[in-house]
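Per-entry structural report
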Amino acid sequence: MIINSSLRIDLVRAKSTKVGFANFPLSCRQNVTSAWSKFVSAKWKEASLKTSTEINSNEGSVCNKSMNIVWHKCSVEKIDRQELLQQRGCVIWITGLSGSGKSTLACALTRALHSRGKLTYILDGDNIRHGLNSDLTFKPQDRAENIRRIGEVAKLFSDAGVICIASVISPYRKDRDACRSILPDGDFIEVFMDMPLHVCEARDPKGLYKLARAGKIEGFTGVDDPYEAPLNSEIVIQMEGEGCSSPEVMAEKVVCYLDAKGYLQA
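Presented here is an overview of the structure given in this document. The residue numbering used here restarts from 1 in each chain and proceeds along that chain's sequence as written. Confidence filtering applies because this is a predicted model: local features only for residues at pLDDT of at least 70, side-chain atom pairs given and counted only at 80 or more, and all residues used for totals across whole chains, interfaces and linings. Processing note: side-chain calculations cover all non-hydrogen atoms of the structure and skip hydrogens and water entirely.

1. Observations regarding the sheet that holds strand β4 (residues 188-194)
By definition, the strands of a sheet pair up through backbone hydrogen bonds, in either a parallel or an antiparallel sense. Two strands make a pair as long as DSSP finds a minimum of two bridges between them. Numbering of helices and strands runs from the N terminus; a helix is a DSSP stretch of H or I covering at least four residues, while a strand is a stretch of E covering at least two. The strand order β2-β3-β1-β4-β5 describes an open sheet built from five strands, whose pairing is parallel. Of all strands in the sheet, those bounded by a partner on one side alone are β2 (120-124) and β5 (235-238). Across the sheet, the mean angle from the axis of one strand to that of its neighbour is 20°, orientation sign disregarded. Sheet topology note: the strand β1 (residues 90-95)/strand β3 (residues 163-167) ladder contains five bridges and is parallel. Axis lines are fitted through C-alpha atoms, for helices just across the contact stretch, and the angle between N-to-C directions can take any value from 0 to 180 degrees.

If you want it as structure tokens, here you go:
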């Protein structure tokens, strides 16, 4: 508790005359009350922060796993929504290096499906960081949380019967696998944009590789942070010779997969 000099003088005077708090000078009483309130408030915040930290650090705690919530079912379920939309909800997870063409494919794919009367929604990595994930950095733990949140939102879209297209670098294999694990078998369709680093860096549509090479961006995937390529993607998009297929051709490859697996009808 920090007491200013004028308050100390008042306290000394009060002590020397052996009078009670009620007989302190008014200014002294006001200063003591204000200082004490600030002290209590600071200690309360400190205790609350400590308690929150302890709760979050304990496995199986209320924060990590609430034991007092129950899933509330509704009579209108996923199968009913799919029947209404005449399609099956799923998540198309497009992963790859920055500049590999993820967003380009996502837009071409949603256009192709829209023209077929299918309802889609794109969860673009950059767009999500403008809102839902604006509080996250690019540190490993925040990257994991970024993907976890996108995975949960994608799951909701899928449950709504929507064909959700997630376009995110998602560099770590375990994070992508975690997203796959929360969906029914077959409803997580991983599309790997398997483009060489030098091709992605040559494109550099946002100028990010240049900044990373200059040391102005730290932890940039492909430069000073690893990208763990998928091992068993449902779909792999690669270069053909020295060039790449058009966005429309790449999108048609995904559409053919969805059609063959029955996702374009209820």
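2. Describing the nonpolar core
Core analysis: the biggest nonpolar cluster contains 31 residues, and Ile92, Ile94, Leu105, Leu109, Val191, Ile237 and Leu258 have the highest contact counts within it. Sorting the residues of this core by element identifies β1, α4 (102-115), β3, β4, α9 (208-213), β5 and α10 (247-260) as the ones contributing at least two each. No other element matches α4, which puts six residues into this core. We call two residues in contact when some of their heavy atoms are within 4.5 Å. Every residue in contact with isoleucine 92, bar those within four places of it in the chain, is listed here: Leu109, Ile163, Cys164, Ile165, Ala166, Ile189, Val191, Val254 and Leu258. By nonpolar core is meant a set of buried Ala, Val, Leu, Ile, Met, Phe, Trp, Tyr and Cys residues that side-chain atoms within 4.5 Å join together. Remark: exposure states derive from per-residue accessible area (1.4 Å probe, protein chains only) relative to the maximum for the residue type, with buried under 20%, exposed over 50%, and partly exposed in between.

3. Overview of the pattern of salt bridges
When a carboxyl oxygen of Asp or Glu is within 4 Å of a side-chain nitrogen of Lys or Arg, the pair counts as a salt bridge. Inspection of the entire model under this criterion finds 14 salt bridges. As a salt-bridge pair, aspartate 187 and lysine 78 come within 3.1 Å of each other at their nearest N and O atoms. Separated by 109 residues along the polypeptide, aspartate 187 in the loop between α7 (173-181) and β4 and lysine 78 in helix α3 (residues 78-85) bring together distant segments of the chain. Judged by its relative accessible area of 6%, aspartate 187 falls in the buried class. Owing to a relative accessible area of 17%, lysine 78 belongs among the buried residues under this scheme. Notably, a salt bridge pairs arginine 149 with glutamate 145, separated by 2.7 Å at the nearest N-O pair. One end of the pair, arginine 149, and the other, glutamate 145, are both in helix α6 (residues 140-159), four residues apart, so they sit about a helical turn from each other. Relative accessible area serves as the criterion here: at 22%, glutamate 145 is assigned to the partly exposed category.

4. Here we look at the side chain of glutamine 87
Here glutamine 87 shows up in the loop between α3 and β1. Within polar-contact distance, the side chain of glutamine 87 engages the backbone oxygen of glycine 161 at 2.8 Å. Leaving out residues up to four positions away in the same chain, glutamine 87 has contacts with Gln82, Lys118, Leu119, Gly161, Val162, Ile163, Tyr263, Leu264, Gln265 and Ala266. For this analysis, a polar contact is any N or O atom pair within 3.5 Å, provided that within protein one partner can donate a hydrogen and the other can accept it, and provided that sequence-adjacent residues contribute only side-chain to side-chain pairs.

5. Observations regarding unusual backbone geometry
Even without being glycine, glutamine 86 reaches a positive phi, approximately 60°. Inspection of the secondary structure assignment puts glutamine 86 in the loop between α3 and β1. Given a relative accessible area of 39%, glutamine 86 falls into the partly exposed group. One non-glycine residue, aspartate 204, lies in positive phi territory at about 35°. In this fold, aspartate 204 is placed in the loop between α8 (197-203) and α9.

6. Structural notes on the pairing of β4
Among the seven residues of β4, six are classified as buried, and the element is accordingly described as predominantly covered. When β1 meets β4, the two strands line up parallel, connected through five bridges. Residue pairing in the sheet places isoleucine 92 in a bridge with isoleucine 189 of β4. Note that β4 and β5 share four bridges and pair parallel. In the sheet register, phenylalanine 192 faces β5, and the bridge partner there is valine 236.

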